[in-house]
Amino acid sequence: MKASPPQRLRRGCAVALTSGAVLISGTLATSAQAAPARATPIRSVPAKAVVRKVAVAKPATAKAPSIVAKGGYVMNDATGRALFAKAADTRRSTGSTTKIMTARVVLAGKNLDLNAKVTIQKAYSDYIVAKNASSAHLIVGDKVTVRQLLYGMLLPSGCDAAYALADTFGSGTTRAARVASFIARMNATAKSLGLRDTHFDSFDGIGNGANYSTPHDLSVLAASAMRYSTFRAIVDTKATRQTVTTKSGGYRYMDWSNTDNLLTAYPGTIGVKTGSGPEAGYCLVFAAVRDGRTLIGAVLDSTTEATRTTDAEKLLNYGFSR
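Notes on the structure follow.

Quick word on the overall build of the protein chain
- When its secondary structure is counted, the protein chain shows nine helices and 14 strands.
- Buried positions account for 46% of the 322 residues belonging to the protein chain.
- Of the roughly 16600 Å² that the protein chain leaves accessible, carbon and sulfur atoms contribute 52%.

Next comes the structure, spelled out in structure tokens:
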């Protein structure tokens, strides 16, 4: 842009035209047409503003983090927009993050009664021993509500609680048939959610070679499960004491703590589920809220409990910065 009278302005100089005088950076400079020396001191007379468009540098976008996990993903829950992806569509073993789907299938059931009581069977305890699996320490003969089984499955990651839910909500005349039908519902739900790289062959993540998902698919699954208020409340719980009915009609307390360290390590975390295993490594599906935004993501096959937590923190920090 050129100034008037015709003279190119130096960058950064404020200019006002005053009876032939030029005021540059607040200093009056006279020209051949300047007023006589004894003239009344000149006041600045408003003139058309000379506006320069100054390019303001945008803050640099945060550098994408490096994570230890072999796969990672984080997305904006409201829009589904991907904010970070590392091998996000690569199929991997998922460990106990599988239990997100177990809970999702139960909660989607028609006429669900969360206060209905389930009698704990010896088969559930035997399974824990045989698989050396994580346990909610359910006692044979106790009567535990469906809600309590969900707590026992999602907080201490009880495979006995997961077995009890699959046995209760599957259909068939035998336990094997009921469990098989429940797993079939898990896969049908995955298909309905568009999880193209997800398959389950177990109710708890202790699979038989065909239990897998991806960071992307698990994030979508978690977003779906978080639409259920019961699920949200449970996975956001750090610890709980539940009163269950014993076989003799008395009661006992069950104390369960959440295996998700991110709940205490990262402000704004609202869940969702840990997982681990020889094939899966250390996994974490996570969700957090900041400034009204909810991010959901997953890391698969990290090296330790500590690194999966750190990986999730990195992805959340990066996601919230975008």
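Quick word on the nonpolar core
- One finds Met101, Leu138, Leu149, Leu150, Met153, Phe231 and Val272 to be the most contacted residues of the largest nonpolar core, which totals 61 residues.
- Here this core gets seven residues from one element, more than from any other, and that element is helix 4 (residues 159-169).
- Within the second largest apolar cluster, 17 residues are counted, among which are Val74, Phe84, Leu295 and Leu315.

Regarding helix 4
- The buried count for helix 4 comes to nine of eleven residues, which makes it a mostly enclosed element.
- At its buried positions, helix 4 is contacted by helix 1 (99-107), helix 2 (122-131), helix 3 (146-154) and helix 5 (175-192).

A closer look at the packing of helix 1 against helix 5
- The interhelical angle for the contact between helix 1 and helix 5, taken along N-to-C directions, is 95°, at an axis separation of 10 Å. In terms of orientation, helix 1 and helix 5 fall into the roughly perpendicular class. Contacts between helix 1 and helix 5 involve Met101, Thr102, Arg104, Val105 and Val106 from the first element and Phe182, Arg185, Met186, Thr189 and Ala190 from the second.
- Its residues placed into classes, the contact of helix 1 with helix 5 shows six nonpolar, two polar and two charged.

Looking at the packing of aromatic side chains
- Taken as a whole, this structure holds six aromatic pairs when the rule is applied.
- Ring plane angle 85° and centroid distance 6.3 Å describe the contact between Phe84 and Tyr318, whose orientation is recorded as edge-to-face. Note that Phe84 is positioned in strand 5 (residues 82-86) and Tyr318 in helix 9 (residues 305-321), a separation of 234 residues in sequence. Considered together, Phe84 and Tyr318 belong to a single accessibility category, that of buried residues.
- Centre to centre, the rings of Tyr251 and Tyr253 are 5.8 Å apart; their planes meet at 70°, and the pair counts as edge-to-face.
- Exposure remark for Tyr251: the relative accessible area of 56% places this residue in the exposed category.
- Taken together, Tyr124, Tyr127, Tyr163 and Phe203 form an aromatic cluster joined through their ring pairs.
- Over the ring of Tyr253 we find Arg241; its NZ or CZ atom is 4.6 Å from the centre of that ring.

A closer look at the packing of helix 1 against helix 6 (residues 215-225)
- Remark: helix 1 packs on helix 6, axes separated minimally by 10 Å, with the N-to-C direction vectors making an angle of 35°. The chirality of how helix 1 crosses helix 6 is left-handed. Here Ile100, Met101 and Arg104 of helix 1 come into contact with helix 6, specifically with Leu221, Ala222, Ser224 and Ala225.
- Within the contact of helix 1 with helix 6, the residues separate by chemical class into five nonpolar, one polar and one charged.

Quick word on the side chain of Thr198
- Within the secondary structure, Thr198 sits in the loop between helix 5 and strand 9 (212-213).
- The buried category is assigned to Thr198, whose relative accessible area is 10%.
- With near-sequence residues (within four places) excluded, Thr198 lies in contact with Ala190, Tyr212, Ser213, Thr214 and Asp217.

Some remarks on unusual backbone geometry
- A cis geometry characterises the amide bond from Gly271 onward to Val272, with omega recorded as 15°.
- In this model, Asn132 sits at a positive phi of 50°, which is unusual for a non-glycine residue.
- Mapped onto the fold, Asn132 is located in the loop between helix 2 and strand 8 (143-145).
- Among the residues examined, Asn132 registers a relative accessible area of 72% and is labelled exposed.

Conventions adopted
Residues numbered from 1 in each chain as written. Predicted model: local features only at pLDDT ≥ 70, side-chain atom pairs only at ≥ 80, totals over all residues. Heavy atoms only, no water. Helix = DSSP H or I, 4+ residues; strand = E, 2+ residues; numbered from the N terminus. Buried < 20%, exposed > 50% of the residue type's maximum accessible area, 1.4 Å probe, protein only. Areas by Shrake-Rupley, 256 points an atom, 1.4 Å probe, with all protein chains shown as cover. Core = buried A, V, L, I, M, F, W, Y, C linked by side-chain atoms within 4.5 Å. Contact = heavy atoms within 4.5 Å. Axes fitted to C-alpha atoms, helices over the stretch in contact; angles between N-to-C directions. Parallel < 35°, antiparallel > 145°, perpendicular 65-115°, else oblique. Nonpolar A, V, L, I, M, F, W, Y, C, P; charged D, E, K, R; others polar. Phe/Tyr/Trp six-rings, centres within 6.5 Å; stacked < 30°, edge-to-face > 60°. Lys NZ or Arg CZ within 6 Å of the ring centre and 35° of its normal. Left-handed = near helix turned anticlockwise from the far one by under 90°.

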